[in-house]
Amino acid sequence: MNFLLRSHLHPKFPLKHLSTTSRTTSTTTMRSIINNRSHLASMPYTHCRTRIVDLLDLDIPEHATDEEYRAIYLQYILWPPPSKIENATLLRDAVESIKQGIAPPVAFPTETVYGLGADATNEPAVSGIFAAKGRPSDNPLIVHVSSIKHLERVTGEPLPEIYVPVAENFWPGPLTILLPVPSSGIFARNVHPFQSTIGFRIPSSKYARFFIAATGRPIAGPSANSSGKPSPTTAQHVLEDLDGKINFILDGGGCEVGVESTVVDGLHDPPLILRPGGVGLEELRSLGAEMGNKWERTAIGYKRHSTGPADGSRNDGSNTTTTPSTPASMNGSTIGVSASSANASVAHFDGAISYEDDVNGAPRAPGMKYRHYAPIGRLVLFSEDAVRDGRVPDKLDELVGNWRSRFDVDGQGKSHEIRGGIISCHWPAFAGLQVNEVSSNGSYSSTSREETPQAALLDAVPNSVYAPITSIATTTGKNTNVTLYDVNLGPDIASLAHSLFGVLRLFDELGCAFIFAETVQRTSNSSMPPSSHPAALTNGQLPAGRQETRHTRRDLEDAVIDRIEKAAAERVD
């Protein structure tokens, strides 16, 4: 009850100081609030005191049972070190708010992105997720559990045999499986709107599994960002989006993967990948070949994006299709249906096999229908041909001209400044544009700082983990000063996957009106050595001993292409 009071009562008037009449009124009000939780949950919380809980402070093992995680949690909150009492109290309040289901959702870290969690069996609490994010109500949620034992306990059923080898090989990890909605009706209806299945996963982040085990609840947890914005990969990203809308953010450091989990439907024959992510087609097919089961025939259950004229065919048995960078809801590509969905089928592209669209028009996995991950600035993708043909400077002039026509209302042709971001992977720094005043490592000299309007914004770069790979330069277009920020992520697909959302958020913080990026280049079938480019940052440092196989690279390519195409406002071919 106290959690709700914190958001709705003035701190100067705690209950213990109220008169008897006031106490009776407050008690009646509180009963009314509790009885009308469903109505209140549909309204976003405001004026919350958003606090960050430091999970890095706890000694949490990488692998432990649910009981062991709960014991660590109880030890910490009951007998915290003297210097950690406040942090332990906040952690207890966060966990209890989930168990009671009467507070806003709690942000928590996973290995992919930060999630926004609530008890998946509590419909008003789940409504709070949609309210905080501004998320469309027909967009399904993924339920996070701490172990297979936990999954089987909450569903009341053993893990289906088809998923056993997948779970053994990819759990804990960035893989979500679809299961039939339990007949017990334990799960909130808004977790699986209009669907007969629910997505479940066990995150590999020890902090996520610790949090889930401490609550003892299955946690519905979409990305902890305002709907449509880039997904958060740090606690600071969550705070920027949801400050004042939630009470607690559990800080477990930077996320390792950077893109959301793969969603698979093993109930369909053949199994379908509904959303690309950290586990991909080649890995699932290879597993099926080794195990002698139908995962060897895994197919693509989403509409793939073309990366250019030369990318129409792949040697994995599937074809890419050219898809404009618009919400999937606008091009009719709502995709994915399991065998449990009567005679409905799914549109996908895999050689000669083709399925029809979902019969009910609702997305069966997050990210399948709506435009996602979009920064504030206009993200423009350029194909290799467009870059080679000099389309980048043409587009710069066009955007600057449009910007001037919107904001130069005095008609006097006065000089203005516009900022732009550039993501460099294969192309040269600043996309080959003619620039001056180049400064590396994300900082200007004192002289150039004085010459640059609103130079205080430049502090966002030195304070960013991307400072070592960021350069700043100026150019002009249509008699307008343009400041460009180039983040050099290099050609490694893992670096792009890990850093994409963070870089888009950096450009938002810098106030970039536009962002230029290359379409993702697919690798050939030849084996490619792993990269050690400095952009592969985890908490600002290189992951120790990171290794990449060809399959991992190809799997990430689909995930990154999907995310960047959904974030883009325009594509230049």
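Since the model is a prediction, treat every value here as computed from it, not as a measurement.

### So, the overall build of the protein
Piece 1. In terms of helices and strands, the protein carries 17 helices and 20 strands.
Piece 2. Long-range contacts, defined as pairs at least 24 residues apart, comprise 74% of the intrachain contacts of the protein with a sequence gap of at least 6.
Piece 3. Carbon together with sulfur atoms contributes 51% to the accessible area of the protein, which is approximately 23,700 Å² in total.

### Examining the pattern of salt bridges
Piece 1. Throughout the structure, instances matching the rule amount to 22 salt bridges.
Piece 2. Among the ionic pairs, Arg-201 bridges to Glu-111, the shortest N-O distance being 2.8 Å. Of the two residues, Arg-201 sits in strand β6 (residues 197–201) while Glu-111 sits in the loop between β2 (106–108) and β3 (115–119), which places them 90 residues apart along the sequence. With respect to class, Arg-201 is no different from Glu-111; both count as buried.
Piece 3. With a shortest N-O distance of 2.4 Å, Glu-570 and Lys-395 are connected by a salt bridge. Here Glu-570 is found in strand β20 (residues 570–572), whereas its partner Lys-395 is found in helix α14 (residues 391–407), with 175 residues between them in sequence.
Piece 4. Looking at Lys-395, the relative accessible area reads 7%, which means it is buried.
Piece 5. Overlapping salt bridges bring together Lys-229, Glu-240, Asp-241 and Arg-505 as one network.

### Overview of the packing of aromatic side chains
Piece 1. By the definition in use, this model includes eight aromatic pairs.
Piece 2. Centre to centre, the rings of Tyr-163 and Trp-295 are 6.1 Å apart; their planes meet at 45°, and the pair counts as tilted. A residue pair is termed long-range when its members are at least 10 positions apart, and Tyr-163 in the loop between α7 (148–155) and α8 (164–170) and Trp-295 in the loop between α11 (281–291) and β11 (299–300) qualify at 132 residues.
Piece 3. Accessibility expressed as a relative area gives 1% for Tyr-163, which makes it buried.
Piece 4. Ring geometry for Phe-382 versus Phe-516: centroids 5.0 Å apart, planes at 80°, classification edge-to-face. One end of the pair, Phe-382, is in strand β14 (residues 378–382); the other, Phe-516, is in strand β19 (residues 514–518), with 134 residues separating them in the sequence.
Piece 5. On the basis of relative accessibility, which here comes to 1%, the residue Phe-382 falls in the buried class.

### Remarks on unusual backbone geometry
Piece 1. Residue Pro-172 is reached from Trp-171 by a cis peptide bond, and omega for that bond is -10°.
Piece 2. Considering the arrangement of structural elements, one finds Pro-172 in the loop between α8 and β5 (175–180).
Piece 3. Here Asp-269 and Pro-270 are connected by a cis peptide whose omega angle stands at 5°.
Piece 4. Along the chain, Pro-270 falls in the loop between β9 (262–265) and β10 (272–275).
Piece 5. A positive phi angle, close to 55°, is found at Phe-430, a residue other than glycine.
Piece 6. Residue Ala-431 is not a glycine yet carries a positive backbone phi of 55°.

### So, the nonpolar core
Piece 1. Core analysis: the largest hydrophobic core is formed by 56 residues, its most contacted members being Tyr-163 and Val-191.
Piece 2. No other element matches helix α6 (residues 123–133), which puts five residues into this core.
Piece 3. Counting 37 residues, the second-largest nonpolar core is a separate cluster that includes Val-113, Tyr-373, Val-487 and Ala-568.

### Brief notes about the environment of Asp-573
Piece 1. Within the secondary structure, Asp-573 is located in the segment after β20.
Piece 2. Look past the residues within four positions of Asp-573 in its chain and what remains in contact with it is Ser-383, Ala-386 and Arg-391.
Piece 3. Side-chain polar atoms of Asp-573 contact the side chain of Arg-571, separated by 2.8 Å.

### Some details on the environment of His-192
Piece 1. Within the secondary structure, His-192 sits in the loop between β5 and β6.
Piece 2. Along the chain, His-192 and Asp-138 lie 54 residues apart, while their C-alpha atoms are 8.2 Å from each other.
Piece 3. Setting aside anything within four residues of it in sequence, one finds His-192 in contact with Val-181, Phe-187, Thr-197 and Ile-198.

### Side note on the side chain of Arg-201
Piece 1. The buried category is assigned to Arg-201, whose relative accessible area is 2%.
Piece 2. In terms of polar contacts, Arg-201 uses its side chain to reach the side chain of Thr-112, at 3.2 Å.

### Considering the sheet that holds β14
Piece 1. In space, the seven strands of this open sheet follow the order β16-β17-β18-β15-β19-β14-β20, with mixed pairing throughout. The strands lining the two open edges of the sheet, one partner per strand, are β16 (436–439) and β20. Going from strand to strand, the sheet's axes swing by 20° on average, the running direction of each strand aside.
Piece 2. Here strand β15 (residues 417–424) runs beside β19; their pairing, made up of four bridges, is parallel. Across the sheet, the residue bridging to Gly-421 is Ile-515, located in β19.

Rules used in this analysis
- Residues numbered from 1 in each chain as written.
- Predicted model: local features only at pLDDT ≥ 70, side-chain atom pairs only at ≥ 80, totals over all residues.
- Heavy atoms only, no water.
- Helix = DSSP H or I, 4+ residues; strand = E, 2+ residues; numbered from the N terminus.
- Contact = heavy atoms within 4.5 Å.
- Areas by Shrake-Rupley, 256 points an atom, 1.4 Å probe, with all protein chains shown as cover.
- Salt bridge = Lys/Arg side-chain N within 4 Å of Asp/Glu carboxyl O.
- Buried < 20%, exposed > 50% of the residue type's maximum accessible area, 1.4 Å probe, protein only.
- Phe/Tyr/Trp six-rings, centres within 6.5 Å; stacked < 30°, edge-to-face > 60°.
- Core = buried A, V, L, I, M, F, W, Y, C linked by side-chain atoms within 4.5 Å.
- Polar contact = N/O pair within 3.5 Å; in protein donor to acceptor, adjacent residues only side chain to side chain.
- Pairing = 2+ DSSP bridges.
- Axes fitted to C-alpha atoms, helices over the stretch in contact; angles between N-to-C directions.

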